[in-house]
Amino acid sequence: MEQPSPVSQIKLHHDLKAIWDTPPGWGFLSAVNHTVLGRRFIIAAFTFFAIGGVLAMLIRAQLATPRSAFVGPDVYNQIFTMHGSVMMFLYAIPMFEGFAIYLLPKMLGARDLAFPRLTAYGFWCYIFGGSILIGAMLLGVAPDSGWFMYTPLSSSTYTPGINADIWLLGITFVEISALSAAVEITVSILKLRAPGMSIDRLPIMAWYLLVTALMMLFGFPPLILGSILLELERAFDLPFFDPTRGGDSLLWQHLFWLFGHPEVYIIFLPAAGAISMMIPTFARHPLVGYRAIIAAIIAVGFLSFGLWVHHMFAVGIPHLALAFFSAASGLVAIPTGLQIFAWIATLAKGRPRFDVPMLYLAGFFVIFVIGGLTGVMLAMVPFNLQAHDTHFVVAHLHYVLVGGFVFPMLAGAYYWLPHITGKVSDHKLAVPAFWLIFIGFNMTFFLMHLTGLLGMPRRIDTYPAEAKWEWLNLLSSVGSFVMTIGFALFVLDIILQVRFGKAFRRNPWQARSLEWATPTPPPSYAFASLPHVESPADWLEPGSLGNDLAAGRGYLGFTRNGWQETLGVGMTDGAPDQVVVLPRSTTLPFWTGLATGTIVLCLLFKLYWLALLPFAVTITLLLCWTRTTGAQSDLGPLPIGRGQTALVHWEAGQPPSWWAMVFVLAADATLFGSLLFGCVFLAMIAPGWPPAVIVLPSYGVMALAAILMIAAALFGRLALRDLNRNRAPTAWLGSAALAHLGACAALVWIIAVDVVDPTQHAHQATLFALLGYAVLHAGVGCILALYGLQRQRSGKLSPIRNLDLRIGKLWHDYAAVAGLVALVAVIVLCWSAGGRP
Amino acid sequence: MPILGTSLLLAGCGGDLSALDPAGPNAHNVATLWWIMLWGSTAIFLFVSLILCLALTQRGQRLLSPRWLLIGGGLAFPSVVLVALVAVSLALGERLLVYANEAPLRIEAVARQWQWEFRYGDDTNIATLDKLHIPAGRPVDFAVTSDDVIHSFWIPRLGGKMDAIPGHTNTIRLMADKPGTYGGVCAEFCGEGHAIMRFSVQAHEPNEFNDVMQQLSASRAERQQ
Ligand code: HEM
Ligand SMILES: [Cu+2]
Ligand SMILES: [Cu+2]
């Protein structure tokens, strides 16, 4: 194939725009572009922040005076539950996702993220899920069991209404969006970078986001599992958490905090990444301790999964475990402190320049350090037992969340807004806004430490006047209104900047990272051509580089076939190894999101059979996504500019979608691991064991199921082998589908005949869950095998274009392994309950 | 001196729920730990702020070499502080268990929406609602559990809290130094009545305590006839 001929800068711009732009009008539903969706995520998240803020004001209005009659406990419980849930799930996580989606490709020197349609699908899931929660609140049936939804309070016995279901289903729905973002961010960082950007040249933000995304992949599954189990209990009476039937409310706490603790670092790390990008700019010095920081964030990532029990010190944990988790919780202060000192060192080495973002970062330093110190205090068991569940904890958590997330995000807003809008402001309101927020915040929450130590529990709607918390609470409430005025000024300032800001040419802060090498505001394709990076990507010359790229003097400075192209590189060395062709604007993600939302609504209203309909629609739509991918002939190496060539991604060895499947399976395996943990936990710790009736599984049918699962995996591999030898894989694919189906049937048989009634006791319920997990995986395996057949029929497979079957193989293998483990677990659980033959 | 001043101030404004106005060995230990941590944290906070100010104003360049900041400030300093702190708190925590040679009294605290029932000694016939009687100067082992959802048993002036979890029984040992009345609350969110799920604790002289027990058992016997 010949090299597409060079064109003028203006023509290149128009050619690229024609391909990448989102259609106008109703076309907004079809947006898949990261710049567009990043902006939407940020705006939506900020809207939810405002909603959460209004709820916070209601809380403070209620608590301003003793024996307040503003709202009753029923409403108050909804208010604080929604405040916490909105802030954590609908503001903090999506806000960082928005920042990441908008910035990441530009920082990495790519034109978009790896899976644009997934970005869009995640966005719609988020919007629909969030709307369900807010809608329920407006109707007065919001969740009211606290943001950590402890059972049995959230079980149907004590919360019979729809309230808890709204939380479980709505939040899980939003979580889909978080997980898709996590897969996407991980794969994009690992594969979609500018050539030459080896792993040791990554901008520091990419490291932060990589660790964050990996933490999400392993942190969210326990909560998703917990939500599924609790919803199964609420909807179908499966007693996972019911202490009268062998369940245990502590299982919920473990699953929740296994997610919940990493969650706070998932929120903090991206903010710390933003700080690590801003500080060097204003210090005019490269980040000190790049490698030490990477080590620190990886350490935080690991440590944060070993700390969850510090939220459960009062549940009656053995002493040795208390000591262990206490020490581990203190330990996490070290890598966090290291980052703070690295930022200080950068400032000390450089020549700091002051501007609005720096002011907000100073606020971050003060507040976050205090939050960190109270965190260490709370890690000390004897003190924790006093302060736990009081307003001391409320103070602490806001110091870390507002200090560690809100302030850096405000700084980031001022720092990157010029990039989004192409305008700078003269900051008339930014400074008074800062002082109002900063003073108001400290007034609200500093005093709350004391309120808590004076014995005020959290989550109470009223308190007696004798308690002597009157003045402190009143001052806290006044402070919170001061803070709100500050936020209002901030919003006003942003609006003014967007409307009336002055335009600028390029790079107003003289930053040194790649995102400032795009034109501002950025065009849909971000870079007219992709850079070759030869030094750390945090310290480039975006000004001159930007001109070169706009003139098309980098990679892919041309258009071909109307494709949206960007480059994939080797994970570590950053050498270009494929041309990634990205999907263009489509409304499919919107419709798929809508169908998924309909499933959620059906489940909410307990229309379980009806839910099968939108479920089928969702699967069909998801399969439709693949219609436009791939090709019917082999293309071979394509020119990518600068005299180099690369294969198109579906012909390449390890394209993004292959890696995506690997990470999806890692998250899936975590969910399965959590399920195994739950089964063992119940059998060993829960009250009410052994069960009255013990299941005696039919070993013959189990053996059959095992053989069929192994066969399915084998057939999947044989299909791939035949394809690679240029023989039609049809027969093997068909057999794989049949084997999966057979495995499903055998497993269902075991459930129906041996387990019989999963509502009897947690013993039966856990077996049901394990077998159900295996059924689901065999079912999806069947669909994937059929999908392979369909690809074969439409001529999209060849020995070179064998990606679909390789992805299928990953799944079939995993389904077999997980299914076998599930079967072994079933046997072990039956034997240990006393059902030995 | 400032410590004294602040504690007086706080003690002055502490209600009957103030953890900073300890009335038993458990709460005393925690209050001590708190004051140590408060002043330690204040010092650390001022120290970090000072370094930040020096960095921002470009002073003390030699002191602030990156190596010193990262290894000294980022690693060595927090490690030393943390080891010391964990050791102190473990020591204080273990002391909570062994503070008396007298055999502890056993009281069952059963929580339900939204009240506390206390059952005394081996004779569980003696029970009170939302009112707890204990002997002063003698350790009490509370066996805490719940009949419905999770609650948490907390008498701030005597010591830390313990969750009341259905299906589990957790034990916490507390002691009141002197006779007196102390407040108790449910600390774990338990539904609409959470805010009003309070109880009061009456610590008696040992003889007086026995009298109260006898009265309770007598009045119960009467009611049963
Ligand atoms: C804008 C200013 C804010 C104010 C005035 C505020 C105020 C409060 C108050 C008073 C409570 C305690 C409610 C109670 O225990 O009865 C609370 C709880 C909470 N807040 Fe905030 N908050 C603010 C911002 C935030 C932000 C930015 C986040 C997270 C990113 C957040 C997360 C939470 C969480 C997770 C809870 C616990 C909810 C629960 O107990 O279920 N808050 N907030
Ligand atoms: Cu935690
Ligand atoms: Cu309670």
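The name that an unreviewed UniProt entry assigns to chain A is cytochrome-c oxidase, with the source organism given as Tianweitania aestuarii. The Sequence similarities (unreviewed entry) field of the UniProt record for chain A holds the comment "Belongs to the heme-copper respiratory oxidase family." UniProt lists a comment for chain A under the heading Catalytic activity (unreviewed entry), and it reads "4 Fe(II)-[cytochrome c] + O2 + 8 H(+)(in) = 4 Fe(III)-[cytochrome c] + 2 H2O + 4 H(+)(out)".

Looking now at the overall build of chain A. Looking only at helices and strands, chain A has 23 helices and 6 strands in total. A globule of 837 residues ought to have a C-alpha radius of gyration of about 28 Å, and chain A, at 27 Å, matches this closely. Per-residue burial for chain A yields a buried fraction of 66% across its 837 residues. Across chain A, the fraction of contacts at a sequence separation of at least 24, relative to all contacts at a separation of at least 6, is 82%.

Here the focus is the overall build of chain B. Within chain B, the secondary structure is distributed over 4 helices and 10 strands. In chain B, the succession of α and β elements from N to C terminus is α-α-α-β-β-β-β-β-β-β-β-β-β-α. Within chain B, buried positions represent 51% of all 225 residues. Contacts spanning at least 24 positions in sequence make up 65% of the contacts within chain B whose residues lie at least 6 apart.

With respect to the helices and strands, A:Lys106 occurs in helix α3 (residues 73–108). In this structure the C-alpha to C-alpha distance between A:Lys106 and A:Pro536, which are 430 residues apart in sequence, comes to 15 Å.

Here the focus is the side chain of A:Thr566. Within the secondary structure layout, A:Thr566 lies in strand β3 (residues 564–569). Setting aside residues up to four positions removed in sequence, A:Thr566 forms contacts with A:Ala110, A:Arg111, A:Leu192, A:Leu530, A:Leu556, A:Gln578, A:Val579, A:Val580 and A:Leu582.

Turning to the coordination of the copper ion (ligand 3), a few remarks are in order. All names here are of chain B. The coordination sphere of the copper ion (ligand 3), as far as protein atoms go, consists of His151 (ND1), Cys186 (SG), Cys190 (SG) and Met197 (SD), spread over 2.1 to 2.6 Å. Each of the 4 donor atoms bound to the copper ion (ligand 3) contributes to angles spanning 88 to 123 degrees, and the resulting shape is tetrahedral. The sequence pattern formed by the donor residues of the copper ion (ligand 3) is H-x34-C-x3-C-x6-M. Assigned by exposure class, Cys186 and Cys190 land together as buried.

All right, on to the domain arrangement of chain B then. All names here are of chain B. Under the domain assignment, chain B is made up of domain 1 (15–93) and domain 2 (105–224). One C-alpha centre belongs to domain 1, the other to domain 2; they are set 36 Å apart. On the domain 2 side, the residues contacting the 13 residues of domain 1 number 16 residues. Approximately 1,000 Å² of surface area, both sides summed, lies buried where domain 1 meets domain 2, with 53% of it carried by carbon and sulfur atoms. Our count for the contact surface shared by domain 1 and domain 2 stands at 1 salt bridge. Across the domain 1-domain 2 interface, the total number found is 5 residue pairs in polar contact (both at pLDDT 80 or more). Its residues assigned to classes, the side of domain 1 that touches domain 2 shows 6 nonpolar, 5 polar and 2 charged.

This part is about the packing of aromatic side chains. Throughout the structure, instances matching the rule amount to 76 aromatic pairs over all chains. Centroid distance A:Phe434 to A:Trp435: 5.0 Å. Interplanar angle 80 degrees. Geometry classified as edge-to-face. Three or more aromatic residues joined by ring pairs make a cluster, and in this case those are A:Phe46, A:Phe49, A:Tyr91, A:Tyr360, A:Phe405, A:Phe407, A:Tyr414, A:Phe434, A:Trp435, A:Phe438, A:Phe487 and A:Phe490. Positioned above the aromatic ring of B:Trp154, the side-chain terminus of B:Lys161 is 3.9 Å from the ring centre.

Here we take up the pattern of salt bridges. Taken as a whole and judged by the stated rule, the model has 23 salt bridges over all chains. Two residues, A:Asp813 and A:Arg717, come together in a salt bridge whose shortest N-O distance is 2.7 Å. Here A:Asp813, found in helix α23 (residues 803–832), pairs with A:Arg717, found in helix α20 (residues 699–724); they are 96 residues apart in sequence, far enough to count as distant. Under the relative-accessibility criterion, A:Arg717 is labelled partly exposed at 42%. Residue B:Glu108 pairs with B:Arg119 through a salt bridge whose shortest N-O separation is 3.3 Å. Of this pair, B:Glu108 sits in strand β1 (residues 105–112) while B:Arg119 sits in strand β2 (residues 115–120), placing them 11 residues apart in sequence. Taking relative accessible area as the criterion, B:Arg119 reaches 22% and is therefore assigned partly exposed.

Let us look at unusual backbone geometry. Between A:Trp689 and A:Pro690 the backbone carries a cis peptide bond, its omega angle lying at -5 degrees. Structurally, A:Pro690 is set in the loop between α19 (656–685) and α20. The omega torsion of the bond from B:Gln113 to B:Trp114 falls at -10 degrees, within 30 degrees of zero and hence cis. Following the sequence through the fold, B:Trp114 ends up in the loop between β1 and β2. Residues other than glycine seldom take positive phi values, yet A:Asn507 does so here, at roughly 55 degrees. As for its placement among the helices and strands, A:Asn507 is situated in the loop between β2 (502–503) and α16 (542–550). Its identity is not glycine, yet A:Lys606 carries a phi of approximately 60 degrees, on the positive side. By secondary structure assignment, the location of A:Lys606 is in the loop between α17 (588–604) and α18 (612–624).

Moving on, we get to the packing of helix α7 (residues 249–283) of chain A against helix α13 (residues 391–421) of chain A. All names here are of chain A. The contact between α7 and α13 brings their axes to 9 Å, and the two run at 45 degrees. Judged by the angle between their axes, α7 and α13 are oblique. In this structure, α7 crosses over α13, and the sense of that crossing is left-handed. Facing Ile267, Phe268, Ala271, Ala274, Ile275, Met277, Met278, Thr281 and Phe282 of α7, the residues of α13 in contact are Leu401, Gly404, Phe405, Pro408, Met409, Ala411, Gly412, Tyr415 and Trp416. For the contact of α7 with α13, the class distribution of residues is 15 nonpolar, 3 polar and no charged.

What follows covers the pairing of strand β9 (residues 180–186) of chain B. Residue and element names in this part refer to chain B. In terms of burial, β9 is a largely internal element, 5 of the 7 residues being buried. As defined by bridge partners, strand β6 (residues 151–154) adjoins β9 across 2 bridges and the pair is classed as antiparallel. Note on β9: the bridge partner recorded for Phe153 is Cys186. Summarising the sheet, β9 and strand β10 (residues 198–204) pair through 6 bridges and their orientation is antiparallel. Residue pairing for β10: Gly184 is matched across the bridge by Phe199.

Attention now goes to the nonpolar core. Counting 343 residues, the largest nonpolar core has A:Trp252, A:Trp343, A:Trp416, B:Leu132, B:Ile134, B:Phe142 and B:Phe153 as its most contacted members. Viewed by domain, this core spans two of them, domain 1 (15–93) and domain 2 (105–224) of chain B, each represented by three or more residues. Membership of the second largest hydrophobic core comes to 22 residues, among which are A:Val376, A:Ala379, B:Leu20 and B:Ala31.

Cut-offs used in this document
Residues numbered from 1 in each chain as written. Chains lettered and ligands numbered in written order. Predicted model: local features only at pLDDT ≥ 70, side-chain atom pairs only at ≥ 80, totals over all residues. Heavy atoms only, no water. UniProt positions renumbered as here; feature names shortened; annotations may be inferred. Helix = DSSP H or I, 4+ residues; strand = E, 2+ residues; numbered from the N terminus. Rg over C-alpha atoms; globule rule 2.2 N^0.38 Å. Buried < 20%, exposed > 50% of the residue type's maximum accessible area, 1.4 Å probe, protein only. Contact = heavy atoms within 4.5 Å. Donors = N, O, S within 2.8 Å, 3.2 Å for Na, K, Ca; no water. Tetrahedral: all angles 85-135°; square planar, octahedral: opposite > 155°, others 65-115°. Domains from an automatic or database assignment. Buried area = accessible area lost by both parts, 1.4 Å probe. Salt bridge = Lys/Arg side-chain N within 4 Å of Asp/Glu carboxyl O. Polar contact = N/O pair within 3.5 Å; in protein donor to acceptor, adjacent residues only side chain to side chain. Nonpolar A, V, L, I, M, F, W, Y, C, P; charged D, E, K, R; others polar. Phe/Tyr/Trp six-rings, centres within 6.5 Å; stacked < 30°, edge-to-face > 60°. Lys NZ or Arg CZ within 6 Å of the ring centre and 35° of its normal. Axes fitted to C-alpha atoms, helices over the stretch in contact; angles between N-to-C directions. Parallel < 35°, antiparallel > 145°, perpendicular 65-115°, else oblique. Left-handed = near helix turned anticlockwise from the far one by under 90°. Pairing = 2+ DSSP bridges. Core = buried A, V, L, I, M, F, W, Y, C linked by side-chain atoms within 4.5 Å.

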